[in-house]
Amino acid sequence: MLHTNKITLAIVAFLLLFHPTGAHTDSRQSGETVSEQPNAPIDLRCEFLTDPLSVDTPEPCLAWKLTAGNGQELKQTAWQILAATEESLLGEGKADLWDSGKTPSDNQTVKYSGKKSTGSKLVYWKVRIYDGNGRPSPWSRTARFGTGLTAEEWNAAAYIAFPESELPQGNERGTVSPLLHQQFKVKKVATALLYVNSLGYHEIYINGKRVGDYVLAPAVSQFNQRSLYMTYDITPYLKNGVNDLVVWLGKGWYSMGLPGVVHNGPAVKMILKSKDKNRWVNVLQSDRSWLCAASGYETLGSWSAGQFGGERVDASVLNEPADISDAPDASGKLMKAFSLLSWRPVEEIKIPAHAVSPQMVEGNVISEEIKPYKITQLSDRSWLIDMGKVFTGRAKIKFHHLSRAHEVAMKFGDHFNAQGELQNQSQRDYYLASGHDGESFCNRFNYHCFQYIQIDNLPAAPSVDDITGYAIQTGYGAVSSFQCSDPDLNAIHNMIQRTLCNLSLGGYLVDCTHIERLGYGGDGHASTVTAQTMFNLAPLYANWLQAWEDCIRDDGGLPHTAPNPYPAGGGPYWCAFIVTAPWNTYLQYGDLRILEKYYPVMKHWLQYVDKYTVNGLLKPWPETNYRTWYLGDWATPTGVNQTDPESVDLVNNCVVGECYILLEKIARLLGKDDEAQQFSDRKSALDKKIQATFYKADATTYATGSQIDHIYPLLTGVTPGELIPSVTQSLFNTTESRYKGHLATGLVGIPVLVEWAVRNNHPDFVYKMLKKHDYPGYLFMLDNGATATWEHWNGERSRLHNCYNGIGSWFYEAIGGIRLDESTPGYRKIIIEPQIPEGITWAKVTKETPYGTVSVHWECKDRRIYFDVSLPPGCSADIVLPKGMEQLTTNN
C-alpha cells in the first residue's frame, strides 16, 4: 500500500494493470523467465508516412513501433537498419546503401544516415531491435521511400494545358476539366514511377484503369511560391507494348485572379521513369506532342469567398454515364469513350519560376459512405434530400429515364434560412444527361459541405438507393477515443471529432469547406492541440507550415491564412500560429527538426510585431493587400463585445507574451541560450506593462472583465502571485453573475480557458459550463440538430466550422488525464492525472503516440480510484491521484 499522491512508474511492458486491490496474475511459475525473442518492429514510417514514393530531404526520419508478446517485458536497447537500392540486397554484408550495425540506443526515430542514392529513385529498408537481454528481434517488413526528382530532372518536362484559344466562351461557362493523352511503349519493367506536378487537381488513368484511391489531388500550396507533385507506382497497370496514359485535370485552386495563376485552366508537368537493368531511365515526359480533349466536365465558381460553385457535367461528351469509371469493365468502356473524343494538340505554357516539391502529406481519401435519412418532395419536379448529418464531400445521384441533354440542377447546403429555404451558399451542380438509363452524377474536381441536397427538374422521385454521400478528408487515421459516464460529454466530444475530420481536406485545416475554404491561423491556433490529440497530423502540419513560410513577406508580415489566395480577417493570434503550431507539433511527435526549420521564421515575424509596438505594447497594425482586420477574440456570444479596443489590446499583447514564453523554450532547445534570455527579459517587461495598463484593482480583473480578459493574463503569467486567488475568484463570480454560468468567449478564448483550467486543476468550472443546454453552448448546438460545431454560437453562416473545437483537448487532458511531459516530447514519458468533476464516475481514453497506444481506464468507487493503464514498450508514466484520493495499490 503506497500512501502518496504521486507515483512514478517506469512501465516497460505492453500492458500493466494498476488496481487498488489484488495483484496482477502471472501465469508463469515462480522463478520462470521469459526467453522468447522480441517481436519484430511494426508500423515503419518515413517522415511519418507509410512508404512515401518521394520525400523532400536526403536524410529523412525513419521510425517504428514495438509490440511485446504475452508476458514479455520489452525494452529496446539497440537497433540495426539495413538500406539498399534493391529489396534483394537487404541482407547483412549485402546492403549497398547502409548497414548501421548494432547501434546502442532506445530511440525509435532516427535519421537516415546511409549513402545518398543518386542513381536510384527508391531506397528499401528494414529494421530490427535488441531487447534488454541483448536478444535481437526478427527483421521488420521491408519498407521503402523515394528520393524524388531534382530541379534539373524536372527541366526535361514542360507544363501543358488545354489551349486557351479553344476554351468555350460566355459568362455562364465554367473552366474546362480537360483530358490529356499520350501513348508509350515499354517492355516488362521492374518498377515504373510517374511524377505528376499538376496546377489544379488531377486523376491518372493507365489503359483505362484509374491509378490509386486519392481524390482531389494534390494538396494545397501557395502557387506563386510552390507547387506540389505526387508520385505513383504504376507498375501494376502496365502491359508489354503500347500503353495509354490519360491525365484528367480540374482547376481547383488554380483559378484566374489568384496569386501565381497565369493560365485559364489547369496545367500539368509529368515525368515517367522506369527501372531497366538497374538503371532508371526516362520513358515519357510532358511536352507539345501530347493531345487533349474536352471531357464534358467544367468547374464552376471563381474560388473566392462564397463562390466555390460546383461542376457542370455534359454526359453526352463521353457518351457514357458520368460514373463510367465505376462501371463494370470500366477500363474498356473508358478507352472506347476516350477514343471517340475530338483530340487536338496541347498548349505548352510558361509558368513563373517557383519551388516544385513532393507532397509530404497523405492524399485525400473517401472516408465514409452516407445514405439519405429522408427524401421530401418540394414540388412537381423538386426534391429535398436530407443526408442526416453535415459532411464535406460528394454525392453520387443515380437518374432514371432522362432524355438526352435534359438538365438536372442540384443545390447543396448545411441549413435553412429564416424563410425555410435552403441557405444559398453558392454550392450548385448541373447535369446534362447522356440519355443512358441508370446514368448518375458525382463530383470529380469539386466538393461541397452539406447535409441537404435540393434536386430540381427531376421528373421521377429519387429513392434512397439512388443517392450515396461520400465524405472526404486527408488520409490520416483516427488515433484517439473517449468515453465517460456522462452521455452529454460523449456527444460533445464526438461532435468535435467528426467536425475536425470534415475540415482537413487538402492537407491543412480550414475554417469551413463551403464558404471560404481557408487555412486560417486563428482557427488552427485554437484547435491544434485538440486536432493533434485526436489524429496523427504530423504530415498535415508539415505541409501546412510550409505554406506559412511561403507566405511570409519580406518585412516579416504574415497573412491570416495559408495558403493566402486573397485577404482575410484575423489578428495577431492568427499570425502567432507560426510560433504555436511548430511548438505543439514538436511536443506531440517529438521531432526537433520542425523547430529548427521554423525558428528563423518565428523571429522574422516578431520583427514585424516590434515595428508596431509602442511604449512596450503592441498596437493595431494596418490592413494590407493580403490581410484584413485586427481582432482580439472572435465569434463571441451575444453580450460579449469582442471589438472593445481595450480587450483587443489586452488579448493581443497576451498573444505576444505567449510567443515569448515559447520562443524562450525553443531557443534553449536549439542551444541558443543568449536569445532565450532575451525572450525571457522581453516577457518580464511586457508582463509589467500589461499589468500596469489593463489591471482594474477595484474589480480585480483586466480590461473589460470578460472571461478571456480574466484568463489570458492568468495563463501567460502576467498576474502577480499574490493576486492570482482574487482574479481567479473574480472569474468564477463573473461567469456566474454576468454570464449565468455559461461559456462567454469565442474562438481565441476557448483554448485559452481550457489550457488554464487544466494547468490549474479546475475541472468543475469547465464541466458546469459544458452542461448548459441553453444559449450559448455545445449542448445548445446539439439540442438544435447540430452534427458538427458551428461558426457562431447562434448558428449563423456555417454549420460545420473550426471555431469552437479547442475544447476537445480537455476531454483527454482533464477527464482522461493523459498529458504530455515537455521534457520528453512525443509521449515518451506521460503524465496521467485525471481531473474529475463532480458527476463523472468513470472514463476510458486511448491515444495513439509515436511509440504506440496509451490507454487509460479509471473508475471511482468509495473514494478509491481503479486504474487500468496500458503504455507502449519503453514508455513511462507519472500517475498523479485526483483530489480526494488517498491510496493506490499496484502490482508493480
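So, how was this worked out
- Residues numbered from 1 in each chain as written.
- Predicted model: local features only at pLDDT ≥ 70, side-chain atom pairs only at ≥ 80, totals over all residues.
- Heavy atoms only, no water.
- Helix = DSSP H or I, 4+ residues; strand = E, 2+ residues; numbered from the N terminus.
- Rg over C-alpha atoms; globule rule 2.2 N^0.38 Å.
- Buried < 20%, exposed > 50% of the residue type's maximum accessible area, 1.4 Å probe, protein only.
- Contact = heavy atoms within 4.5 Å.
- Areas by Shrake-Rupley, 256 points an atom, 1.4 Å probe, with all protein chains shown as cover.
- Lys, Arg positive; Asp, Glu negative; His and termini not counted.
- Charge placed at Lys NZ, Arg CZ, Asp CG, Glu CD.
- Salt bridge = Lys/Arg side-chain N within 4 Å of Asp/Glu carboxyl O.
- Axes fitted to C-alpha atoms, helices over the stretch in contact; angles between N-to-C directions.
- Parallel < 35°, antiparallel > 145°, perpendicular 65-115°, else oblique.
- Left-handed = near helix turned anticlockwise from the far one by under 90°.
- Nonpolar A, V, L, I, M, F, W, Y, C, P; charged D, E, K, R; others polar.
- Pairing = 2+ DSSP bridges.
- Polar contact = N/O pair within 3.5 Å; in protein donor to acceptor, adjacent residues only side chain to side chain.
- Core = buried A, V, L, I, M, F, W, Y, C linked by side-chain atoms within 4.5 Å.
- 1 Å grid on protein atoms, 1.4 Å probe; cavity = no way out; pocket = protein on both sides within 12 Å on 5 of 7 lines; lining within 4 Å.
- Points joined across faces, edges and corners; volume = space filled by probe spheres on them.
- Expected span 1.5 Å × (residues − 1).
- Bend = angle between axes of the 7 residues up to and from the residue.
- pLDDT = per-residue confidence, 0-100.
- Phe/Tyr/Trp six-rings, centres within 6.5 Å; stacked < 30°, edge-to-face > 60°.
- Disulfide = S-S within 2.5 Å.

A.B. asks: What is the right way to look at the overall build of the protein chain in this model?
C.D. replies: Secondary structure summary: the protein chain contains 16 helices and 45 strands in total. Here the protein chain has a C-alpha radius of gyration of 29 Å; the compact-globule value for 892 residues is 29 Å, and the two agree. Expressed along its principal axes, the backbone C-alpha trace of the protein chain runs to roughly 80 × 75 × 55 Å. Here the protein chain holds 892 residues, and 61% of them are scored as buried. Pairs at least 24 apart in sequence give 74% of the contacts found in the protein chain among residues at least 6 apart. Taken as a whole, the protein chain presents about 33200 Å² of accessible surface, with 48% of it coming from carbon and sulfur. Here the protein chain contributes 81 positively and 95 negatively charged side chains, and the mean placements of these two sets differ by 4 Å.

A.B. asks: In this structure, what is going on with helix α11 (residues 707-715)? I would like to understand it.
C.D. replies: Because the α-helix completes a turn every 3.6 residues, residues three or four places apart line up on one side. By the criterion of burial, α11 is predominantly enclosed, with nine of the nine residues buried. Turning to α11, its buried residues are Gln707, Ile708, Asp709, His710, Ile711, Tyr712, Pro713, Leu714 and Leu715. As for α11, its buried residues are in contact with α6 (572-575), α9 (645-669), β39 (701-702), α12 (724-737), α13 (749-759) and α14 (763-770).

A.B. asks: Any chance you could explain the pattern of salt bridges here in plain terms?
C.D. replies: It is possible for side chains bearing opposite charge to pair when their charged atoms get close. For the structure on display, the rule yields 37 salt bridges. With a shortest N-O distance of 2.8 Å, Arg593 and Glu47 are connected by a salt bridge. Pair noted here: Arg593 is in helix α8 (residues 593-611) and Glu47 is in the loop between β3 (42-46) and β4 (61-65), with a separation of 546 residues, a long-range link. With relative accessibility at 29%, the residue Arg593 sits in the partly exposed group. In this structure, a network of salt bridges that share partners links the residues Asp43, Arg45, Lys65 and Glu848.

A.B. asks: What's the story with the packing of helix α4 (residues 521-534) against helix α16 (residues 808-815) in this structure? I'm lost.
C.D. replies: To characterise two packed helices, one gives the angle between the axes of the helices and the distance between these axes. The contact between α4 and α16 brings their axes to 7 Å, and the two run at 65°. Considering their axes alone, α4 and α16 lie roughly perpendicular with respect to each other. Regarding α4 and α16, the two cross each other, and that crossing is left-handed. Residues Val529, Thr530, Thr533 and Met534 of α4 lie in contact with α16, whose contacting residues are Gly808, Ser809, Tyr812 and Glu813. Here the residues of the contact of α4 with α16 are counted per class, giving three nonpolar, four polar and one charged.

A.B. asks: Would you take a moment to explain the pairing of strand β31 (residues 428-432) for this structure?
C.D. replies: Working note: regular strand, side chains alternate between the two faces of the sheet. As defined by bridge partners, strand β23 (residues 311-314) adjoins β31 across three bridges and the pair is classed as parallel. In the sheet register, Asp314 faces β31, and the bridge partner there is Leu432.

A.B. asks: Which parts of the structure should I look at to understand the environment of Asn319?
C.D. replies: Along the chain, Asn319 turns up in the loop between β23 and α2 (330-339). Taking relative accessible area as the criterion, Asn319 reaches 35% and is therefore assigned partly exposed. With 395 residues separating them along the chain, Asn319 and Leu714 place their C-alpha atoms 66 Å apart. Setting aside residues no more than four positions away along its own chain, Asn319 makes contact with Arg404 and His436.

A.B. asks: In this structure, what is going on with the side chain of Thr628? I would like to understand it.
C.D. replies: As for its position among the elements, Thr628 is in the loop between β37 (617-618) and α9. Side-chain polar atoms of Thr628 contact the backbone nitrogen of Gly569, separated by 3.2 Å. Sequence-distant contacts of Thr628, that is, excluding residues within four places in its chain, are made with His560, Pro567, Ala568, Gly569, Gly570 and Glu623.

A.B. asks: What's the story with the nonpolar core in this structure? I'm lost.
C.D. replies: Across soluble globular proteins, nonpolar side chains show a tendency to be buried alongside one another. Counting residues in hydrophobic clusters, the biggest one holds 201 residues, and the most contacted among them are Trp605, Tyr778 and Trp810. With 12 residues, α9 is the largest single contributor of residues to this core. Filtering out sequence-adjacent residues up to four positions away, Trp605 remains in contact with Ile552, Gly556, Leu558, Pro572, Cys575, Ala576, Ile578, Val579, Trp621 and Cys659. Grouped together as the second largest cluster of nonpolar side chains are 29 residues, Ala192, Ile204, Val211 and Val247 included.

A.B. asks: What exactly am I supposed to notice about the sheet that holds strand β24 (residues 344-345) here?
C.D. replies: As a general point, the strands of a sheet are linked pairwise by backbone hydrogen bonds and lie either parallel or antiparallel. Strand order in this open sheet of six strands is β16-β15-β18-β13-β21-β24, and the pairing throughout is antiparallel. Edge positions in the open sheet fall to β16 (209-210) and β24, since each of these has one partner strand only. The sheet contact formed by strand β13 (residues 179-186) and strand β18 (residues 241-250) spans eight bridges and is antiparallel. By the bridge assignment, His181 is partnered in β18 with Val246.

A.B. asks: In this structure, what is going on with the layout of surface pockets? I would like to understand it.
C.D. replies: Where empty space is left becomes clear once a probe the size of a water molecule has been rolled over the atoms. In this structure, the largest pocket encloses a volume near 800 Å³. Considering the residues around the largest pocket, the lining is formed by 35 residues, among which Val529, Asn584, Glu755, Arg759 and Glu813 are closest to the centre. Looking at the lining of the largest pocket, the elements that each hand over two or more residues are α4, α7 (577-589), α9, α11, α13, α16 and β40 (818-820). Its residues assigned to classes, the lining of the largest pocket comprises 18 nonpolar, nine polar and eight charged. Here the second largest pocket defines a volume of roughly 680 Å³.

A.B. asks: Before we go on, may I ask you to explain α8 in this structure?
C.D. replies: Look at α8: 29 Å from first C-alpha to last across 19 residues, which is about the 27 Å you get at 1.5 Å a residue. The principal kink in α8, of about 35°, is found at Tyr599, preceding the proline Pro600 by one to four residues. The set of residues buried in α8 consists of Ile594, Leu595, Tyr598, Tyr599, Val601, Met602, Trp605, Leu606, Tyr608 and Val609.

A.B. asks: Is there a simple way to think about the confidence of the model for the protein chain in this case?
C.D. replies: Keep in mind that low pLDDT regions are not for reading the predicted coordinates in detail. Residues at a pLDDT of 70 or more form 93% of the protein chain, whose mean pLDDT is 92. Ignoring residues within four places in sequence, the model shows residues 1-34, a span with pLDDT below 50, making 86 contacts including any to other chains.

A.B. asks: Would you explain unusual backbone geometry in this entry?
C.D. replies: Apart from glycine, the bulk of residues carry a negative phi angle, and the bulk of peptide bonds sit in the trans form. Residue Pro563 is reached from Ala562 by a cis peptide bond, and omega for that bond is -5°. By the secondary structure assignment, Pro563 is in the loop between α5 (538-551) and α6. Here the residue pair Tyr775 and Pro776 is connected by a cis peptide bond, since its omega of -5° sits within 30 degrees of zero. Within the secondary structure, Pro776 sits in the loop between α14 and α15 (778-783).

A.B. asks: Explain the side chain of Arg498 to me, please; I cannot follow it from the model alone.
C.D. replies: Relative to the assigned elements, Arg498 resides in helix α3 (residues 487-501). Comment: no salt bridge for buried Arg498; closest opposite-charge side chain is Glu368, at 4.7 Å. Side-chain polar atoms of Arg498 contact the backbone oxygen of Val390, separated by 2.8 Å. Here the side chain of Arg498 touches Thr787 through a polar contact of 3.0 Å, landing on its backbone oxygen. Look past the residues within four positions of Arg498 in its chain and what remains in contact with it is Lys389, Val390, Phe391, Thr787 and Ala788.

A.B. asks: Explanation requested: the packing of aromatic side chains in the structure shown.
C.D. replies: For any pair of aromatic rings, geometry is given as the distance between the ring centres together with the angle between the planes. Going through the model one piece at a time under the given rule, you end up with 45 aromatic pairs. Ring geometry for Trp98 against Tyr112: centres 5.5 Å apart, planes inclined by 85°, an arrangement best described as edge-to-face. Pair noted here: Trp98 is in strand β6 (residues 98-99) and Tyr112 is in the loop between β8 (109-111) and β9 (122-130), with a separation of 14 residues, a long-range link. Taking the relative accessible area as the measure of exposure, Tyr112 reaches 2% and is therefore buried.

A.B. asks: What's the story with the state of the cysteines in this structure? I'm lost.
C.D. replies: Covalent bonding between the sulfur atoms of two cysteines is what defines a disulfide. Enumeration according to the criterion identifies zero disulfides in this entry. Among the cysteines around Cys501, which has no disulfide bond, Cys449 carries the closest sulfur, lying 14 Å off.

A.B. asks: Explanation requested: the packing of α8 against helix α10 (residues 673-694) in the structure shown.
C.D. replies: Interhelical geometry of α8 versus α10 gives an angle of 35° and a closest axis separation of 14 Å. The two elements α8 and α10 meet at a crossing, and its hand is left-handed. For the pair α8 and α10, contact is made by Tyr599, Lys603, Leu606 and Asp610 and by Glu675, Phe679 and Arg682, respectively. Here the contact of α8 with α10 is built from residues that sort into three nonpolar, no polar and four charged.

A.B. asks: In this structure, what is going on with empty space enclosed by the protein? I would like to understand it.
C.D. replies: Here the structure, examined in full by the defined rule, presents five cavities of 30 Å³ or more. Along the wall of the largest cavity there are 26 residues; nearest its centre are Val220, Ser221, Phe223, Trp253 and Pro563. Per-class residue counts for the lining of the largest cavity are 16 nonpolar, nine polar and one charged.

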